[in-house]
Amino acid sequence: MAKALTQSLPRFTVVKVVRAVAQARRFPGLSLSILLFLLVIPGLFAPYIAPHDPLKGSLTARLKPPVWVNGGSISYPLGTDKVGRDIFSRIIHGSRVSLVVSLVAIVLSGAIGTTLGLIAGYFGGKLDALIMRLVDISLGLPVILLALVFVAAIGPSFGTVITVTSVLLWSRYARQVRGETLSIRERDFIARARVAGASHLRIMFRYILPNVVNSLIVLATLQVGFVILLESSLSFLGAGIPRPTPAWGLMVADGRELIVVAWWVSMFPGLAIMLTVLSLNMFGDWLRDHLDPKLRNV
Amino acid sequence: MTQHIGDVVLEVEDLHTYLYTKWGVVKAVDGVSFSLRQGETLGIVGESGCGKTMTVLSLLRLVPRPAARIVQGRVLLQGEDLLDMSESDMRQIRGRKLSMILQDPQTSLNPVFTIGNQLLEAITIHHKGRSRALVQRAINALKQVRVAAPERRVQDYPHQMSGGMKQRVVGAISISCEPHIIIADEPTTSLDVTIQAQYLRLLKEIQEETGLSIIFITHDFGIVAKMCDRVMVMYAGRVVESGPVRDIFNHPAHPYTHALLQSVPSMDERPQRLYAIEGQPPALWDLPPGCRFAPRCPHADTRCLQEYPPFFSNDDHHIAGCWRLESTWKTPQSFTLST
Amino acid sequence: MQRYIVVRFLQSILALWVMSLIVFCLARVTGNPLDVLLPMEAGPEEYERIAKHWGLDKPWFIPQDWSQPFDTQYATFMGKALRGDFGNSLKWQGYTAMNLVLQRLPATLELAGIALAISVVLALPIGVLSAALKDTAFDNGGKLIALLGQSLPSFWLAIMLMWIFAVILGWLPTSGRGGLTHMILPAISLGWFQVAALMRLVRSAMLDVLDSEFVKLARVKGLAEWKVVWKHCLRNAAIAPLTYFSITAGVLLTGSVVIESVFAWPGTGLLAVDAVRARDFQVVQAIVIVFAAVFILTNLLVDILYAYLDPRIRYQ
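Residues numbered from 1 in each chain as written. Chains lettered and ligands numbered in written order. Predicted model: local features only at pLDDT ≥ 70, side-chain atom pairs only at ≥ 80, totals over all residues.

### Some remarks on the overall build of chain B
For clarity, the threshold we go by: For helices the rule is a DSSP run of H or I covering at least 4 residues; for strands it is a run of E covering at least 2, with both sets numbered from the N terminus onward. Computation of the radius of gyration draws on C-alpha atoms, with the globule rule given as 2.2 Å multiplied by the number of residues to the power 0.38. To assign burial, the other C-beta atoms lying within 10 Å of each residue's own C-beta are counted, with C-beta atoms placed from the backbone; 20 or more indicates buried, 12 or fewer indicates exposed, and intermediate counts indicate partly exposed.
Regarding its fold elements, chain B presents 12 helices and 12 strands. Relative to its length of 339 residues, chain B is compact, with a C-alpha radius of gyration of 21 Å against a globular reference of 20 Å. Scored against the burial criterion, the 339 residues of chain B give a buried share of 44%.

See the structure below:
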């Protein structure tokens, strides 16, 4: 039936695009380029690329539509918001925010999670049980809700968003690492190291950790997308990155009431989020398929 | 082994089944022909990867698609070519005329359904009628495989049974619709040795009761000796030797068969080093032009390496494909290996 | 199986307790609600009076006077909590915190329920067919949908959907609770992510099962292919995605916070946002505990369902 459907469509259409994009998971080229253009390069070089100051608005240029709509101008390619700030520049600067937040959060939660996972898997017994209990509980926490409460407690800032994300995300790493540690622990080269007198710490970090790194990288890559989604959701609710920093989630929130008159204020930042996370997921899938297909269910 | 052997029920002619992989075309079954008579047990032996399982899967047209395809050949079941049929007709054949026992009883049964459910499923595919009658059929099948208290057992789940019992259930499923031919793909490999003997005896009894034919895949010559009337030796996708069991045991004509028989450790002689055949079977996507066993054969010469040997036969319907027989044995008229 | 359920139940209680602890601490760190309640000119006596009234002057955990070891905020909190009493709302005068939450809970459950139903109804067939028709156009399309689903920020999707269907096309209302038309957009925005994740899980579970020996045997019996897929494979494949359901419940609940604020759906999510803004920690506590309880209950139910579906666990 699928064959009949695809044969009845004109050649250069949806089907080919669909197949290409779905296959693009296999080739990091597409996703990597999107990533580079949307996240990494703007994140690193924002001040040099962005045509306007993301924080300064111009009262005369309020709510200008994108360049291809009547009334738009090339100097504000994606339009302006209600204070007259250039959306394009804000998006570019916003990627810096997303980049920083996700990197730091991943590194932090990864570090905590990996360490605890190593300890749990290596020592086993009561320590393992305790840490796994913590993991279960941590996974059972309503993420956004607690984040709301937490951030409301200390006030929105970069620091709080990062802390909240790290605290809520470490458990996935812990679980993954623990599982792998359990199986690696039984292998011969570990026994040999122990016989040779290596300390527990040394074994964990010098022997087990390198074997676990592969799946960690895959997990981290897949998590970055999730972190960006989380951070933007929080910002959207007003409990994330504080104004007036150009965070994508914040920008979408700003455009919400204006959706009828100025759809571009919400549309483009959201699109940026989506494309970034999409390419991150595609890249993560490709990475996983190449590093270790056994991780299919991560 | 004194059952009545009747007419030919199955004739396989020049079967070719290839696997299309990213490394190339794997010729899993490369020109296999044989025939099977009613009431007869044919054994197929050979190393892993020689094509035994793919051959029988081709008979059932259950080769793993889309990679595998039956590219050539005929499979005549009582005169009808199975490869020519529509899929729905083929489904009528499966389970009803041609049936199969898989190797591992632990995994052949679906763990979430009762064995009664799975047994009944096999029956209802091919028989219509009142459910009470069908259930009775199921219970009879279980009785035939000597499962005690079958009325109670039908409610059990697979994990509540032992391996031997599960394999009997699989056996019951395969005979439930009274097939003409049962394919047994190493059915006892996963069982304990004591259970093995019981199971083989059971198969033999069922064969005597019903007169069905069995194709028995195994790598164990002991089983061949016990169960089979004829045996077919396969190597790298082709048949290298075939004939009556006794003949092959006493006078193996092909060097590979000879080597296989030699590698079976004997109970009578004094323990020596285990004999192992040197080398590896060839890669099925990169086959040599000559005899495929030649690189490992102690008697090979240049002709063996360059030209593929045809079959030669002797008077006892014993056929082998080896150049060494050219002078002593005859060239058969027909291509098919029929008795 | 009894033992299994009992163990899971006890674990749930433990998790709930830890939650209450976390909530207790966090809510109080949120900032003194008195600052919000009292007008700027209020003097120190006024402050003290209100503080006493709400019990906010007591220490958190360690009592000042050990002869009254339970005269702490935490003890009072736990004591009342066990009775379901979370105090009165600070912001919405006249309502108890628990009352507020329970009043709004049905709306959220309704939304989450519809979202869940939508995601299952979509994800299951797509996942099964994707696996059965592996690597065909259908499969690739399914994979694309899954990828998109997991990349779309739900709030943005909500806004875009609202823009397209409510503003431009005018087919559906933009906000508020009501009948089917009011439910569609929020439910889709909420459930979209789940469709993607669930579909992927179903697909990979099916692919695993399709390779099994018993599937081979079913075909040998002469069973039609569609029956092999739907009867034999699905029953086994459903087990893995089921464990995901427990996470789904949590995700749906927390996702409701965002979606409800976009669509002004009067559920507990919206309540949470308002309560946090108003520093009404009584209500916040109540909400988090209720969420956690729902989440834990769902987990328990899923575990039981899991045991039912897989007879191997049932008979241990």
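### Considerations on the overall build of chain A
To keep it simple, the criterion reads: Whether two residues are in contact depends on their C-beta atoms, placed from the backbone: they are in contact if these lie within 7 Å.
Regarding its fold elements, chain A presents 11 helices and 0 strands. For chain A, buried positions account for 48% of its 298 residues. Within chain A, counting contacts between residues at least 6 apart in sequence, those at least 24 apart form 70% of the total.

### A look at the sheet that holds strand E1 (residues 8–21) of chain B
All names here are of chain B. As a reminder, the rule being used: The criterion for strand pairing is that DSSP finds at least two bridges linking the strands in question. Only the stretch in contact is used when fitting a helix axis, every axis being a line fitted to C-alpha atoms; angles between N-to-C directions are given from 0 to 180 degrees.
Taken together, the 4 strands give an open sheet; going across it, the order is E2-E1-E4-E5, and neighbouring strands pair in antiparallel fashion. The open sheet has two edge strands with one neighbour each: strand E2 (24–37) and strand E5 (80–81). Running at roughly 70° to E2, helix H1 (residues 52–60) makes contact with E1, E2 and strand E4 (68–77) of the sheet.

### Let's talk about helix H4 (residues 115–126) of chain B
All names here are of chain B. Which entries qualify depends on this criterion: One less than the residue count of a helix, multiplied by 1.5 Å, gives the span that helix is expected to have.
A rise of 1.5 Å per residue sets the reference length of H4, with its 12 residues, at 16 Å; its end C-alpha atoms lie 18 Å apart and thus fit the reference within 8%. Counting buried residues in H4 gives 9 out of 12 residues, a clear majority hidden from the surface. Along H4, the residues that are buried comprise Ile115, Gly116, Gln118, Leu119, Leu120, Glu121, Ala122, Ile123 and Ile125. If you follow the buried residues of H4, they end up packed against helix H5 (131–144), helix H6 (150–153) and helix H7 (163–175).

### Focus: the interface of chain C and chain B
The cut-off we apply is this: Polarity classes work like this: nonpolar for Ala, Val, Leu, Ile, Met, Phe, Trp, Tyr, Cys and Pro, charged for Asp, Glu, Lys and Arg, and polar for all others, with Gly in that last group.
Contacts between the two partners involve 19 residues from chain C and, on the opposite side, 25 residues from chain B. Looking at the side of chain C that touches chain B, the elements with two or more residues in it are helix H9 (213–220), helix H10 (225–237) and helix H14 (311–314) of chain C. Of the residues belonging to the side of chain C that touches chain B, the class tally is 8 nonpolar, 4 polar and 7 charged.

### Concerning the nonpolar core
Here is the rule: What makes a nonpolar core is a set of buried Ala, Val, Leu, Ile, Met, Phe, Trp, Tyr and Cys residues, with links drawn between C-beta atoms within 7 Å. Residue ranges for the domains originate in an automatic or database domain assignment.
Ranked by internal contacts, the top residues of the largest apolar core, which has 258 residues, are A:Ala147, A:Leu148, B:Leu119, C:Ala272 and C:Ile287. For this core, the element with the most residues is helix H8 (residues 180–210) of chain C, which contributes 16 residues. Formed jointly, this core draws a minimum of three residues from each of two domains, domain 1 (2–81) and domain 2 (100–314) of chain C. Once you skip the residues sitting within four places of it in the chain, C:Ala272 turns out to touch A:Leu145, A:Leu148, C:Val257, C:Val284 and C:Ile287.

### Digging into the sheet that holds strand E11 (residues 312–313) of chain B
Taking strand neighbours across the sheet as the criterion, the 8 strands line up as E6-E7-E8-E3-E9-E10-E12-E11 (chain B) in an open arrangement whose pairing is mixed. Taken across any chain shown, the strands that pair with only one partner, and hence form the sheet edges, are strand E6 (98–101) and E11 of chain B.

### Section: the pairing of strand E3 (residues 41–45) of chain B
Residue and element names in this part refer to chain B. E3 sits mainly inside the fold: 5 of its 5 residues count as buried. Neither face of E3 is exposed, since Thr41, Gly43 and Val45 on one face and Leu42 and Ile44 on the opposite face are all buried. When E3 meets strand E8 (residues 213–217), the two strands line up parallel, connected through 4 bridges. Each bridged residue has a counterpart across the sheet, and for Ile44 the counterpart in E8 is Ile217. As defined by bridge partners, E3 adjoins strand E9 (residues 230–235) across 4 bridges and the pair is classed as parallel. By the bridge assignment for E9, Ile44 is matched with Met232.

### Re the packing of helix H4 (residues 87–123) of chain A against helix H9 (residues 200–237) of chain A
Residues and elements named next belong to chain A. The test is simple: For classification purposes, angles smaller than 35 degrees are called roughly parallel, those larger than 145 roughly antiparallel, those between 65 and 115 roughly perpendicular, and all remaining angles oblique. With the far helix as reference, a near helix turned anticlockwise by less than a right angle produces a left-handed crossing, and one turned clockwise produces a right-handed crossing.
As a packed pair, H4 and H9 sit with axes 8 Å apart at the nearest point and diverge in direction by 140°. Between H4 and H9, the interaxial angle falls into the category oblique. Handedness of the crossing formed by H4 with H9: right-handed. Contacts between H4 and H9 involve Ser98, Val101, Ser102, Ala105, Ile106, Gly110, Thr114, Leu118 and Tyr122 from the first element and His200, Met204, Ile208, Leu209, Leu216, Ala220, Gln223, Val224, Val227, Ile228 and Glu231 from the second.

### What about unusual backbone geometry?
A negative phi angle is the norm for most residues apart from glycine, just as the trans form is the norm for most peptide bonds. At B:Arg61, a position not held by glycine, the phi torsion is positive, near 55°. For C:Ala264, which is not glycine, the phi torsion reads 50° and is therefore positive. With respect to the helices, strands and loops of the structure, C:Ala264 is situated in the loop between helix H11 (239–263) and helix H12 (268–277). What makes C:Ala264 exposed here is the crowd of 12 C-beta atoms within 10 Å.

### Considerations on the environment of B:Ala138
All names here are of chain B. When you line up the elements, Ala138 lands in helix H5. Accessibility expressed as a C-beta count within 10 Å gives 25 for Ala138, which makes it buried. Along the primary structure Ala138 and Glu205 are separated by 67 residues, whereas in three dimensions their C-alpha atoms are 19 Å apart. With residues near it in sequence (within four places) discarded, Ala138 still touches Gly116, Leu119, Leu120, Ile123, Val154 and Ser176.

### Things to note about the confidence of the model for chain B
Residue and element names in this part refer to chain B. Threshold: Known as pLDDT, the predictor's per-residue confidence is scaled from 0 to 100.
Counting all residues, the mean pLDDT for chain B is 85, and 94% of those residues have values of 70 or more. When the criterion is pLDDT under 50, residues 335–339 qualifies, and its contacts beyond four places in sequence or with other chains add up to 15 contacts. Complex prediction metrics read pTM 0.74 and ipTM 0.80.

### Section: the environment of B:Glu307
Residue and element names in this part refer to chain B. Mapping Glu307 onto the fold places it in the loop between helix H12 (302–306) and E11. Exposure remark for Glu307: the 13 C-beta atoms within 10 Å place this residue in the partly exposed category. Distance from Glu307 to Gly46, taken between C-alpha atoms, is 22 Å for residues 261 residues apart in sequence.

### A closer look at the environment of A:Asn214
All names here are of chain A. One can find Asn214 in helix H9. Among the residues examined, Asn214 registers 17 C-beta atoms within 10 Å and is labelled partly exposed. C-alpha separation for the pair Asn214 and Leu291, spaced 77 residues apart in sequence, amounts to 6.5 Å.

### A word on helix H11 (residues 264–291) of chain A
Taking 1.5 Å per residue, 28 residues should reach 40 Å; H11(A) reaches 40 Å between its end C-alpha atoms and fits that length. Of all 28 residues in H11(A), 21 are buried; the element is thus mostly enclosed.

### Concerning the packing of H4(B) against H7(B)
Residues and elements named next belong to chain B. At their nearest, the axes of H4 and H7 sit 8 Å apart, and the two run at 20° to each other. As judged from the angle between their axes, H4 and H7 are roughly parallel. Here H4 and H7 pass one another in a crossing that is right-handed. Together, Ile115, Gln118, Leu119 and Ala122 of H4 and Val169, Ala172 and Ile173 of H7 make up the contact between the two elements. A per-class count over the contact of H4 with H7 returns 6 nonpolar, 1 polar and no charged.

### Looking at the confidence of the model for chain A
For chain A, the mean per-residue pLDDT works out to 78, and 86% of the residues sit at or above 70. Across residues 1–12 of chain A, confidence stays below pLDDT 50; counting only partners more than four residues off in sequence or on other chains, it has 8 contacts.

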